[in-house]
Amino acid sequence: MAETKTKMTCPYCGAEMNQHGEKLMEPRTAEEARRIDPKLGALVEEFHTCPKCGKGAARPGR
Amino acid sequence: MPSERPLNIPVLLGTTRKGRMSAHAARFLLEQVGKRERVVTELIDITKVSLPIDDAGEAIKDKDLSEKMNSADGLVIVAPEYNHSFPGLLKHVLDSNLKEYIHKAVGIAGVSAGPFGGTRVIQNCLAPMRELGFVTIFFDVNFSNVFTLFDESGNLLDPSFARRTDKFLNELIWMASTLRYGRENIPLK
């Protein structure tokens, strides 16, 4: 069954954002290293952009 | 439908050296970008970005720079060649952001005192640009022999640069427009 993600709300104008990317991130701290996805060997970061104001935002992904 | 907002393409002056000739190149490019319709620009001078050197990366993010990069749709980087590569402080500044760059277009102008016009700094910039999330274009601007390319007032003495810069900006604006549409409208599957 496909996973449904919650749309991110723009922290600048409140509009619904579009997720256009995700990136595997190397951990930068010991705390982040404990949170890595063992199947990917890295952290996942999601990238979203607001179609209304054009600003971007990020959040941890899965 | 394309956005009604003008494209925002700042010019980043990537050196702090005293007497830097790259400042003339950056001002020339700023003027050229500023002539384009529906494009806004500004000069971001890395000497004005206050970053500590006892830490690195997003931990030292400068709020003003972060906001400028977040609002940008593309970026022109003006980089002199230092020992065949980019200035360390330019990398330090760029490394302080990440989400601000994802899926945005970047064009690079190399500057050198010799005849190669910063080709090596441009080549060495490509790998970090990719990792930072930028999309590089295949046009560059090469300011060769920079000490004789501009007069004392910073006026460009070789008129062929206007035509070359025109091609560079056509490509950068196309890429920035296309990527903005994608960022705002096309969801990642």
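In case you missed it, the structure is sitting above this.
So, here's what we can say about the structure. Predicted, not measured: the structure shown is a model, and the values here were computed from it. (Residues numbered from 1 in each chain as written. Chains lettered and ligands numbered in written order. Predicted model: local features only at pLDDT ≥ 70, side-chain atom pairs only at ≥ 80, totals over all residues.)

**Section: the overall build of chain B**
Part 1 of the reasoning: On a plain count of helices and strands, chain B comes out with six helices and eight strands.
Part 2 of the reasoning: Taken from the N to the C terminus, the helices and strands of chain B come in the order β-β-α-β-β-α-β-α-β-α-β-β-α-α.
Part 3 of the reasoning: For chain B, whose C-alpha radius of gyration is 16 Å, the value lies close to the compact-globule estimate of 16 Å for 189 residues.
Part 4 of the reasoning: Referenced to the eigenvectors of the C-alpha coordinate spread, the extents of chain B come out at roughly 50 × 40 × 25 Å.
Part 5 of the reasoning: By the burial criterion, 41% of the 189 residues in chain B qualify as buried.
Part 6 of the reasoning: The contacts in chain B between residues at least 6 apart in sequence include a share of 83% that link residues at least 24 apart. (Helix = DSSP H or I, 4+ residues; strand = E, 2+ residues; numbered from the N terminus. Rg over C-alpha atoms; globule rule 2.2 N^0.38 Å. Buried ≥ 20, exposed ≤ 12 C-beta atoms within 10 Å, placed from the backbone. Contact = placed C-beta atoms within 7 Å.)

**Remarks on helix 1 (residues 22–34) of chain B**
Part 1 of the reasoning: Here helix 1 of chain B is 13 residues long and its end C-alpha atoms lie 18 Å apart, about the 18 Å a rise of 1.5 Å per residue gives.
Part 2 of the reasoning: For helix 1 of chain B, the complete set of buried residues consists of Ser22(B), Ala23(B), His24(B), Ala25(B), Ala26(B), Phe28(B), Leu29(B), Leu30(B) and Val33(B). (Expected span 1.5 Å × (residues − 1).)

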